[in-house]
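Read off the chains here:
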Amino acid sequence: MTKKKPQIRFAGFDEEWERRKLGEVCISFDYGLNVASKEFDGINKYIRITDIDDETRKFLMTDLTSPNCDIKLVDNYKLQKGDIVFARTGASVGKTYIYKENDGIVYYAGFLIKAKVKNDIYSKFIFYITLTKQYEKFIDITSQRSGQPGVNAQEYAQFEFFIPLHKEQKKIGEYFENLDKLITLHQNKYDKLTNIKKSMLEKMFPKNGSNIPEIRFKGFSGDWKWHKLEEVVDIYDGVHQTPEYKDSGIMFLSVENITTLKSKKYISEEAFKKNYKVYPQKGDILMTRIGDVGTPNVVETTEKLAFYVSLALLKPNKVESYFLCNIIQSPLFQKGLKNRTLITAIPQKINKYEIGKVEVILSNSLQEQQYIGKYFYNLDKIITLHRCKLEKLKNIKKACMEKMFV
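What counts, and at which threshold
Residues numbered from 1 in each chain as written. Predicted model: local features only at pLDDT ≥ 70, side-chain atom pairs only at ≥ 80, totals over all residues. Heavy atoms only, no water. Buried < 20%, exposed > 50% of the residue type's maximum accessible area, 1.4 Å probe, protein only. Helix = DSSP H or I, 4+ residues; strand = E, 2+ residues; numbered from the N terminus. Pairing = 2+ DSSP bridges. Arc of directions from axis to C-beta. Contact = heavy atoms within 4.5 Å. Salt bridge = Lys/Arg side-chain N within 4 Å of Asp/Glu carboxyl O. Phe/Tyr/Trp six-rings, centres within 6.5 Å; stacked < 30°, edge-to-face > 60°. Polar contact = N/O pair within 3.5 Å; in protein donor to acceptor, adjacent residues only side chain to side chain.

Draft legend 1. Examining the pairing of strand 10 (residues 112-117) more closely. The buried fraction of strand 10 is high, at six of six residues. Neither face of strand 10 is left uncovered, since the one carrying L112, K114 and K116 and the one carrying I113, A115 and V117 both have all their residues buried. Direction of pairing for strand 3 (residues 26-31) relative to strand 10: antiparallel, over a ladder of five bridges. When the bridges of strand 10 are listed, C26 appears paired with V117. In terms of strand pairing, strand 7 (residues 84-87) meets strand 10 through four bridges, oriented antiparallel. Paired with A87 across the bridge in strand 10 is L112.

Draft legend 2. Fine view of helix 3 (residues 133-142). Within the span of helix 3, buried status applies to Y135, F138, I139 and T142. Taken down its axis, helix 3 places every buried residue within 95° of arc, on the same side. Across helix 3 from its buried face, at more than 90 degrees, point the exposed residues K133, K137, D140 and I141. Looking at the packing, one finds that the buried side of helix 3 touches strand 7, strand 8 (96-98), helix 2 (123-129) and helix 4 (153-156).

Draft legend 3. Just the pattern of salt bridges, in detail. Enumeration according to the criterion identifies 24 salt bridges in this entry. Here E300 makes a salt bridge to K381, at a shortest N to O gap of 3.2 Å. Linking E300 in the loop between strand 17 (296-298) and strand 18 (305-307) with K381 in helix 10 (residues 366-403), this pair joins segments that are 81 residues apart in sequence. E354 serves as the salt-bridge partner of R340, at 2.8 Å between the closest nitrogen and oxygen. Placement of R340 in the loop between helix 8 (331-339) and helix 9 (352-357) and of E354 in helix 9 is noted, with a sequence separation of 14 residues between them.

Draft legend 4. Focus on the packing of aromatic side chains. If you walk through the whole model with that rule in mind, you get 27 aromatic pairs. A centroid spacing of 5.6 Å and a plane angle of 55° characterise the contact between W224 and F323, whose relative ring orientation is tilted. Highlighted residues: W224 in the loop between helix 5 (166-203) and strand 12 (225-228) and F323 in helix 7 (residues 321-328), separated in sequence by 99 residues. One exposure class covers both W224 and F323, and it is buried. Through a chain of ring-to-ring contacts, three or more aromatic side chains come together here, namely F10, W17, F125, F127, Y128, Y175, F176 and F405.

Draft legend 5. Inspection of the environment of S263 at higher detail. Looking at the secondary structure, you find S263 in the loop between strand 14 (250-253) and strand 15 (266-267). Sequence separation of S263 and L390 is 127 residues, and the distance between their C-alpha atoms is 20 Å. Beyond its immediate sequence surroundings of up to four residues, S263 is in contact with M251, F252, L253 and N257. At a separation of 2.9 Å, a polar atom in the side chain of S263 contacts the main-chain carbonyl oxygen of F252. One polar contact links the side chain of S263 to the main-chain amide nitrogen of K265, over a distance of 2.9 Å.

And the structure:
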């Protein structure tokens, strides 16, 4: 029997892992309930392939339904602690979900297969095996059909993997479960903060038909004034040709770098001097204009930066930078951008000269602009902090998935 050991493991475990088939560690494989769904009755939940989140594999509770049948007759389709369901067909074939008791009463639908692990204490380990690259490879190979991709119960039972003794299985399963809880905690914080920002973008800037915002800092009053964007900023675009990249030099930014304004691409000092008479400086705004349209960010570095034509450079001359950056993100300004965007173009884009024609409503008080800009600056910093924590935890999980399984 083939045996192996993982790269990383908990202290106290040294035994080799043994090769097993999924069918050897499961009592049964059962196909889901083939009935339609109906409006959620408040108790009995119905899980379908589309109800399983692609990334987190959690049961999405945003669009709950119930089985459209007599519940008393389908008790054997009710999930129990430790049950794992597998998507058996379609684009999401192979997607898995492990039932948790706090998910309530859940029945599993057709196109799902339920695997009952022999001991539910160790089912967490089996579930996390289905998030590994070796499982993905198995699905890619096995699901190939002449028509729609699929994997049936007999095929799932043939999935091979390496497995440790029960105590180590339990330890690994609990580790990843706790890591997932931590990821969910930071995801919820991040989502809450982004929702707060979305709400404040609607309330701290005037809505269509109004010249004053719904919420203002104390001490400020009076109407805001409409301007064309070109009246308060100078607008430039970047180089139109792909440059010759270097290992070091002047950082080169494109549309995919807008979130962080950081890149691993560089151009030479000579190329920079030749192509950039005007370049981003601290306090300027870069905004996406090709592919993604209308995502802005304020330049905070004093280092020289080069940028591609997919970005527009906005140099404020009569407006506070962070105020403008956030009013660009407001629904009203985004609507104005969309109206001038060539949506039918592939990729979609907005011409540089059209950006300047978009109307923007501004406070006449520079101090009010500064207050609003500072508020969103601080909020963005907190959002970025939680996003970085979230990304770090996801990277930790990814690395552990590769090194804690054989």
